[in-house]
Amino acid sequence: MYYGVTKGTGSNQVLIASFGRMDSALFIMKLWKDARMFIFPTEAAKTRFENDLQSHMLTCEGPQSVSRVQRGVKLPFESREDIKRFLYTGDFDTIGAMIDKHPVLLISQMNTPRRYGGLNALQIAAMKGSVELCRKILTNVENPSYVAKFEGGMTGMTYEISAKLVDLYLNMPDRRWYETALHYAVRYGQLDVVKLLVSYPQCEQKRNINGLYPSDIICHNAKRDETILNGISAMFIERFFVALILTEGDFREPYVVKPFTYKNLPDISPVGKFKYTRHIAAAVGPMTKRGAEAFYNRWRKNPSVAWMSAQPEACLSKNVKFSSV
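Residues numbered from 1 in each chain as written. Predicted model: local features only at pLDDT ≥ 70, side-chain atom pairs only at ≥ 80, totals over all residues. Heavy atoms only, no water.

Comments concerning the overall build of the protein
Within the protein, the regular secondary structure consists of 14 helices and nine strands. A buried classification covers 48% of the 325 residues belonging to the protein. Long-range pairs, those at least 24 residues apart, make up 67% of the contacts in the protein between residues at least 6 apart in sequence. Of the roughly 16300 Å² of accessible surface on the protein, a fraction of 52% belongs to carbon and sulfur atoms. (Helix = DSSP H or I, 4+ residues; strand = E, 2+ residues; numbered from the N terminus. Buried < 20%, exposed > 50% of the residue type's maximum accessible area, 1.4 Å probe, protein only. Contact = heavy atoms within 4.5 Å. Areas by Shrake-Rupley, 256 points an atom, 1.4 Å probe, with all protein chains shown as cover.)

What to know about the sheet that holds strand S6 (residues 240-247)
What the three strands build is an open sheet, ordered S7-S6-S8; its pairing is antiparallel. The sheet is open, and its two borders are formed by strand S7 (255-260) and strand S8 (278-287), each paired with just one other strand. Taking the axes of each pair of neighbouring strands and ignoring which way they run, one obtains an average angle of 20 degrees across the sheet. As defined by bridge partners, S6 adjoins S7 across four bridges and the pair is classed as antiparallel. When the bridges of S7 are listed, Ile-245 appears paired with Tyr-255. (Pairing = 2+ DSSP bridges. Axes fitted to C-alpha atoms, helices over the stretch in contact; angles between N-to-C directions.)

Quick notes on unusual backbone geometry
Positive phi values are uncommon outside glycine, yet Tyr-178 reaches one of about 60 degrees. As for its placement among the helices and strands, Tyr-178 is situated in the loop between helix H9 (158-171) and helix H10 (181-187). Even without glycine at this site, Cys-219 takes up a positive phi of about 60 degrees. Position of Cys-219 among the secondary structure elements: in the loop between helix H11 (191-198) and helix H12 (226-235).

Some points on the confidence of the model for the protein
Looking at the protein as a whole, its pLDDT mean stands at 78, while 73% of the residues score no less than 70. Note on residues 58-73: pLDDT is under 50 here. Beyond four places in sequence and across chains, it has 30 contacts. Taken together, the stretch residues 307-325 has pLDDT below 50 and engages in 54 contacts with residues farther than four places along the chain or on a different chain. (pLDDT = per-residue confidence, 0-100.)

Points about the packing of helix H6 (residues 121-128) against helix H7 (residues 131-141)
For the pair H6 and H7, the least separation of the axes is 8 Å and the interaxial angle reads 160 degrees. Accordingly, the angle class assigned to the pair H6 and H7 is roughly antiparallel. Like other packed secondary-structure pairs, H6 and H7 cross with a definite hand, here left-handed. Residues Ala-121, Leu-122, Ala-125 and Ala-126 of H6 pack against Leu-133, Cys-134, Ile-137 and Leu-138 of H7. Across the contact of H6 with H7, the residue classes tally to eight nonpolar, no polar and no charged. (Parallel < 35°, antiparallel > 145°, perpendicular 65-115°, else oblique. Left-handed = near helix turned anticlockwise from the far one by under 90°. Nonpolar A, V, L, I, M, F, W, Y, C, P; charged D, E, K, R; others polar.)

Quick look at H9
Between its first and last C-alpha atoms H9 spans 20 Å; for 14 residues at 1.5 Å apiece the expected length is 20 Å, and the two agree. The element H9 is largely enclosed, with a buried count of ten among its 14 residues. Considered for burial, the residues of H9 that qualify are Thr-158, Tyr-159, Ile-161, Ser-162, Leu-165, Val-166, Leu-168, Tyr-169, Leu-170 and Asn-171. (Expected span 1.5 Å × (residues − 1).)

Some remarks on the packing of aromatic side chains
Applying the stated criterion across every chain yields a total of one aromatic pair. Both rings, one in Phe-241 and one in Phe-260, keep their centres 5.9 Å apart while their planes meet at 25 degrees; by these two values the pair is stacked. Of this pair, Phe-241 sits in strand S6 while Phe-260 sits in strand S7, and the two are 19 residues apart along the sequence. By relative accessible area, Phe-260 is classed as buried at 6%. Looking at Arg-298, its charged tip hangs above the ring of Phe-295, at a distance of 4.5 Å from the centre. (Phe/Tyr/Trp six-rings, centres within 6.5 Å; stacked < 30°, edge-to-face > 60°. Lys NZ or Arg CZ within 6 Å of the ring centre and 35° of its normal.)

Observations concerning H7
Since one α-helical turn is 3.6 residues long, residues separated by three or four positions face the same way. Of all the residues in H7, the buried ones are Val-131, Leu-133, Cys-134, Ile-137, Leu-138, Asn-140 and Val-141. Close packing links the buried residues of H7 with helix H4 (80-89), helix H5 (92-101), H6, helix H8 (144-151), H9 and H11.

Things to note about the pairing of S8
By the criterion of burial, S8 is predominantly enclosed, with nine of the ten residues buried. One ladder, built from seven bridges, connects S6 with S8; its direction is antiparallel. In the strand pairing of S8, Thr-247 is matched with Arg-278.

Topic: the environment of Thr-94
Among the secondary structure elements, Thr-94 is positioned in helix H5. Note: C-alpha distance between Thr-94 and Ile-83 (eleven residues apart in sequence) is 9.3 Å.

Okay, here's the thing in structure tokens:
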């Protein structure tokens, strides 16, 4: 399988990158809120997409595609109360198997997170501390194939719905206290869940009904543990990346950009008279500002070997092709 990622909407969409690996595509999608991912069965299909992006958009976004499908809006035979009970009693293995089989347990008829007693499944799992269930929920809804299963087939809206669901699951507040999944994870001292949630750049710090941010209520409903409290507090420190930039046709030597955050991405727009494209060849992070500065200084001394210095688990795939953004 091959993957293409675009940025923007409608006729303003531009190709950011194309990949041979899904993990690299997902990494890039997290850097831009309006990013969309397209999946191709062959390299030839991916190449056609790269060469004629707008024609591809016209064929996949027509309104006629939406009317062909039968939406999966009915809950399976298990009652809403049974599902709610499984969530609150911590029967996460059962719930995990159910949501894999029935996307309707996570997606409502309005293409929003389905609620169970005022909370959605991610909020409950965050409160209970099941990082695996939280990861499964987010991984499922950000997978266009999972959303297509709910829709009854892939449509022109599948990718938008998937991106919208990830954002809503991370940031939709409950109906009573106006608290997000991050509020619940922080309030109940669920450190591993907090780490997972803040790894998504879409995850926002919002005020609850009392005007409090998640960082204001760390461990308020949990036994005070300094290790957990300090660990969660550290999660709200801004995280940084370091990247090696290559230019098309070796127009200029490889260079390393200063540490950047999700909110302040490096400029990789075309350069020179002939508009040579630039792309991120390797990136390491997230890390603290101090750690990023140390890594930056090490890479800057010898950018030609920066690639080899990058830790594999933190790097982008070498099979990366960026276009102008």
